[in-house]
Amino acid sequence: MSTEDRTNSASYYSITEHDQPGKLRRQLSFVLRSWTLNLAGAMEFRLSFLLTAGMMMINNIVWIVFWGLYFNRFQVLNGWELHDVMMLWAVSAGGFGLMATFFGNASRIANIIATGQLDVYLAQPKPVLLHVLISRMSVSAIGDVLFALLVFAIFGDKSAAGIAKFGLAMAIAAVIFIFFSVIVNCLAFWVGNTEGLSIQLFNALLTFTTYPTSIFKSWGKLVLFAVIPAGFISYLPIGLLREINLPFLIGALAVSALFVACGTLLFYRGLKRYTSGNMMTLRR
Amino acid sequence: MTTLGKMAKYAFIGKITLRNQLAYIIDFLIRSLFLLLILYIFLQLWQATFHGEGDASLIAGYSFNQIMWYLVITEAITLACPSLCTRIEEEVKNGDVGYRLVRPIHFVVFHYVEYMSEAAVRFGVNAVLGGTLGLLIIGPPELSAGFLWLPLAAAFGLTVNFMLNMTLALCAFWVEETRGIEFVYNKFLFTIGGMLMPLELFPDALQAVGRWLPLQAVLYIPAKTAVAFDASRLAGMLAVQVLWIAVIGLAVAWIYRRGVKKLNVNGG
């Protein structure tokens, strides 16, 4: 089957049960099975797994220490308090951790395209984008997720509503991270190997999400919400966790949905242009 | 071989590394854009902080201009440092270390010359980029003799960083995987080493701890020398750097001698 035929039949792989009863259940089972196998692979080297995840937790804790020192000297930063910054780190690290743990290939798509490794996924009867995304698990990112849960356990609101709001905040952050990464990596379909550029753009998003939105003014704030969607993640501790700000929450959900749609569309549009390099590869 | 001959040998290694780095200067320039991003964020953060303090002119003895130029220097040095652990870990894993050890070049000195040449090019590029951003947005720094001492203090700082990294990287002779330790070391450098803010902003107890650690010699001393120059303290600060170079240098020599006997070379 050619790439184009395969792409034209993308609708066949959409998540719908129309004319295909049980398809959604089979896909969910496929996703769960992939995650289980990824985790089993990570646990094969148990000591290495614990060290890698532990190092990532220490890395994040050092940033928490920095902010602790900062707020020890300056109690409030344009309305943000230590508690808000802790939750900002929980949401940002948690969202990134969910992306890299469960959709670990999101940041490697440009490399996969440029090196012709997509062939492996095209030859298998599964939705291509979903299959690519879930085929890798970053072991260190498990440390990010554990860190997020730890910070929430210490600083978060542990009521049922608080837990639900934190879960929603992490989900929004993860969706934005995943599909922003998909979009910038898809440039490789048109421009060639853009791995370096994609990493730079993603790092810019990630870096902006770990600083309070209140420090940015005028153009900075505009970029944060209109160009790089970091503001929709970094304002979550105020606009969702501290108190629900409905217009902001609707905006964040709409932006997440928009990124999912654009990312998916861009990937399958790009896939029409994909040409195999005839490289022999195996799934690892 | 005479001492002069030995020095010429290492000078050539440095020259080759410099030429290698200069060949990819545009690529490195693009990758250095992250420096501009992080400086922009810190600019916003410290503007908000000074504003929050009632537009104070000084915080812990630093003006806004001094803090920003302090950060330009610490970030420029930090992003100039190559990852020594990655390099030596790879050499041990793929067996290249075997070839390196049988050459008539000292393993540690070879890496030092390579490290410093690479760091010099990167620091130069970062200084130009950061300096341009600083001049455009922050305004010129308060010029003092400190900026004349910066190259020397930065060279000493990079040497201390090399020594500390080498003690970690040589662990690869025993355990192979050292990047995790390097990762954590870097994070300590960022905080208690004074990369993110000057030590004077820390609580007293932590300041006292910081002053007994070699980490202050890497970033804090070069940046402080440049932006808050105090002629009466200069000799003391440079002496601290030299002392740490000597102490950690001895530790590196001891670890290297033990490690090289322990090393098992894979393949090659």
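Engineer: So what about the overall build of chain A? Which residues, and what values?
Structural biologist: Scanning chain A from terminus to terminus reveals 15 helices and zero strands. Every one of the 284 residues in chain A was classed for burial, and the buried ones make up 42%. Considering only contacts in chain A between residues 6 or more positions apart, those separated by 24 or more positions represent 78%.

Engineer: Which residues make up unusual backbone geometry, and what values go with them?
Structural biologist: For residues that are not glycine, phi is negative in most cases, and the peptide bond is trans in most cases. Residue and element names in this part refer to chain A. Residues other than glycine seldom take positive phi values, yet Asn-78 does so here, at roughly 45°. As for its placement among the helices and strands, Asn-78 is situated in the loop between α3 (46–73) and α4 (82–102). Phi angles above zero are rare outside glycine, and Ser-218 is one such case at about 35°. Considering the arrangement of structural elements, one finds Ser-218 in helix α12 (residues 218–227).

Engineer: Go over α4 of chain A, please, and point to the residues and values.
Structural biologist: In an α-helix, one turn spans 3.6 residues, which is why side chains three or four residues apart end up on the same side. A rise of 1.5 Å per residue sets the reference length of α4 of chain A, with its 21 residues, at 30 Å; its end C-alpha atoms lie 30 Å apart and thus fit the reference within 8%. Counted residue by residue, α4 of chain A has 19 buried out of 21 residues, so it is predominantly covered.

Engineer: If you had to explain the confidence of the model for chain A to someone new, which residues and values would you point to?
Structural biologist: Across chain A, the average pLDDT comes to 87, with 90% of residues at 70 or higher. For the stretch residues 1–12 of chain A, pLDDT sits under 50, and the model shows eleven contacts to residues farther than four places along the chain or on other chains.

Engineer: Account for the interface of chain B and chain A, with residues named and values stated.
Structural biologist: Facing the 21 residues of chain B at the interface are 24 residues of chain A. Taken together, the elements giving at least two residues each to the side of chain B that touches chain A come down to α3 (33–52) and α10 (179–191) of chain B. A total of ten residues in the side of chain B that touches chain A trace back to one element, the largest contributor, which is α3 of chain B. Classifying every residue of the side of chain B that touches chain A by side-chain character gives 14 nonpolar, five polar and two charged.

The rules behind each value
- Residues numbered from 1 in each chain as written.
- Chains lettered and ligands numbered in written order.
- Predicted model: local features only at pLDDT ≥ 70, side-chain atom pairs only at ≥ 80, totals over all residues.
- Helix = DSSP H or I, 4+ residues; strand = E, 2+ residues; numbered from the N terminus.
- Buried ≥ 20, exposed ≤ 12 C-beta atoms within 10 Å, placed from the backbone.
- Contact = placed C-beta atoms within 7 Å.
- Expected span 1.5 Å × (residues − 1).
- pLDDT = per-residue confidence, 0-100.
- Nonpolar A, V, L, I, M, F, W, Y, C, P; charged D, E, K, R; others polar.

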